[in-house]
Amino acid sequence: EDLRDYSEDTIWKMLKDRIFDSSVTVVFISPGMKEDNLQDKDQWIPWEISFSLKETSRKTKSGDSVRVSHTNAMLAVVLPDENGSYAYYLEQLNCCKGQCIQHHTGKLFKIIKNNKFNRSKNSLKKTCEHGTVWSGTCSYIEAVKWEDFIGDYEKYINNAIERRDCIDEYEICKSID
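Structure report, in brief. No experiment lies behind these values; they were computed from the predicted model shown.

## Notes on the pattern of salt bridges
Here comes step 1: Evaluation of the coordinates by the stated rule reveals three salt bridges.
Here comes step 2: Measuring nitrogen to oxygen at the nearest pair gives 3.7 Å for the salt bridge that ties Asp42 to Lys41.
Here comes step 3: Among the residues examined, Asp42 registers a relative accessible area of 5% and is labelled buried.
Here comes step 4: Judged by relative accessible area, which is 39%, Lys41 ranks as partly exposed.
Here comes step 5: Here Asp165 makes a salt bridge to Arg164, at a shortest N to O gap of 3.6 Å.
Here comes step 6: Residue classification places Asp165 among the exposed positions, given a relative accessible area of 54%.
Here comes step 7: Assessed through its relative accessible area of 23%, Arg164 is described here as partly exposed.

Right, here's the structure in full:
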């Protein structure tokens, strides 16, 4: 659904009950997730991510004390394309005297892209012929292949929670440009 005619307040009202009580948000990356002819602010996924990353407060349903939702742990699960390949987003490269994986972040919504490779503390990176190569946990929204995720989903969810518990090590982008 095109969101061009909705204000941010209207979108928030439509999403708040679904997101407020959540603690983990899983984003599915697919070749067709982003409509190129629409701006990010006119599509649902960026808003869902933005509201999942923001800390919000509201009164209980009875109007009593204020409850606060905290920034959700985030995880991107990359779905295979119709040929079973992940290369549209995660491309295996032979470089740096070994193998590395290139993330084609240009295919992502900007709010996801801005939360990739955003660890400001304890990050390990080096330069190679294809550009910067990161090692270890380097993104608040880490990406995992669907086949790996379904093999051990609890591990990937717990890793996302660990990143959230160290959120001060990341430069988090919470808004839609």
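## A few points about the nonpolar core
Here comes step 1: Ile29, Ile49, Val78, Tyr89, Ile111 and Ile112 are the most contacted members of the largest nonpolar core, which totals 25 residues.
Here comes step 2: When residues of this core are traced back to their parent elements, those giving at least two are strand E1 (24-29), helix H2 (44-53), strand E4 (73-78) and helix H3 (110-113).
Here comes step 3: With residues up to four places along the chain from it excluded, the contact list for Val78 reads Ile29, Tyr86, Tyr88, Tyr89, Leu90, Ala143, Val144, Lys145 and Trp146.
Here comes step 4: By size, the runner-up hydrophobic cluster in this structure holds eight residues, among which are Ala73, Phe149, Ile157 and Ala160.

## Describing the environment of Lys41
Here comes step 1: Structurally, Lys41 is set in the loop between E1 and H2.
Here comes step 2: C-alpha separation for the pair Lys41 and Phe109, spaced 68 residues apart in sequence, amounts to 9.6 Å.

## Considering the side chain of Ser52
Here comes step 1: Mapping Ser52 onto the fold places it in helix H2.
Here comes step 2: When its relative accessible area of 2% is taken as the criterion, Ser52 is described as buried.
Here comes step 3: Looking at Ser52, its side chain comes within polar contact range of the main-chain oxygen of Glu48, at 2.7 Å.
Here comes step 4: Not counting residues within four places of it along the chain, the set of residues in contact with Ser52 comprises Ile19, Thr25, His70, Thr71, Asn72 and Met74.

## So, the packing of aromatic side chains
Here comes step 1: Tallied over the full model, the rule gives five aromatic pairs.
Here comes step 2: Relative to Tyr170, the ring of Tyr140 has its centre 5.5 Å away and its plane inclined at 70°; by these criteria the two rings are edge-to-face. In this pair, Tyr140 is assigned in the loop between strand E8 (131-135) and strand E9 (142-145) and Tyr170 in the segment after helix H5 (153-165), connecting sequence segments 30 residues apart.
Here comes step 3: Residue Tyr140 is classed as buried on the basis of its relative accessible area of 0%.
Here comes step 4: Through successive ring pairs, a cluster of aromatic residues spans Phe28, Trp146, Phe149 and Tyr153.
Here comes step 5: Sitting above the plane of the Phe117 ring, Lys116 keeps its charged end 5.5 Å from the centroid.

Rules used throughout
Counting starts from 1 at the beginning of each chain's written sequence and moves along it residue by residue. With pLDDT at 70 or above as the cut-off, local features in this predicted model cover only qualifying residues; side-chain atom pairs require 80 or more to be listed or tallied, and sums for whole chains, interfaces and linings still use all residues. The side-chain numbers reported here are obtained from all heavy atoms of the structure, hydrogens and water having been left aside. Here, a salt bridge means any side-chain nitrogen of Lys or Arg that lies within 4 Å of a carboxyl oxygen of Asp or Glu. Buried residues are those whose accessible area, probed at 1.4 Å on protein chains only, stays under 20% of the maximum for their type, while exposed residues exceed 50% and partly exposed ones sit between those limits. Residues belong to a common nonpolar core when they are buried Ala, Val, Leu, Ile, Met, Phe, Trp, Tyr or Cys residues joined through side-chain atoms within 4.5 Å. A run of DSSP states H or I qualifies as a helix once it reaches four residues; a run of E qualifies as a strand once it reaches two. Both are numbered from the N-terminal end. Note on contacts: a residue pair qualifies if any of its non-hydrogen atoms lie within 4.5 Å across the two residues. Here a polar contact is recorded for every N or O atom pair within 3.5 Å, except that within protein the pair must consist of a potential hydrogen donor and a potential acceptor, and residues adjacent in sequence are included only if both atoms are side-chain atoms. Planes of paired rings set the category: under 30 degrees apart is stacked, over 60 is edge-to-face and the rest tilted, where pairs are Phe, Tyr or Trp rings (Trp by its six-membered ring) whose centres lie within 6.5 Å. Over a ring means this: the NZ of a Lys or the CZ of an Arg is within 6 Å of the ring centre and within 35 degrees of the ring normal.

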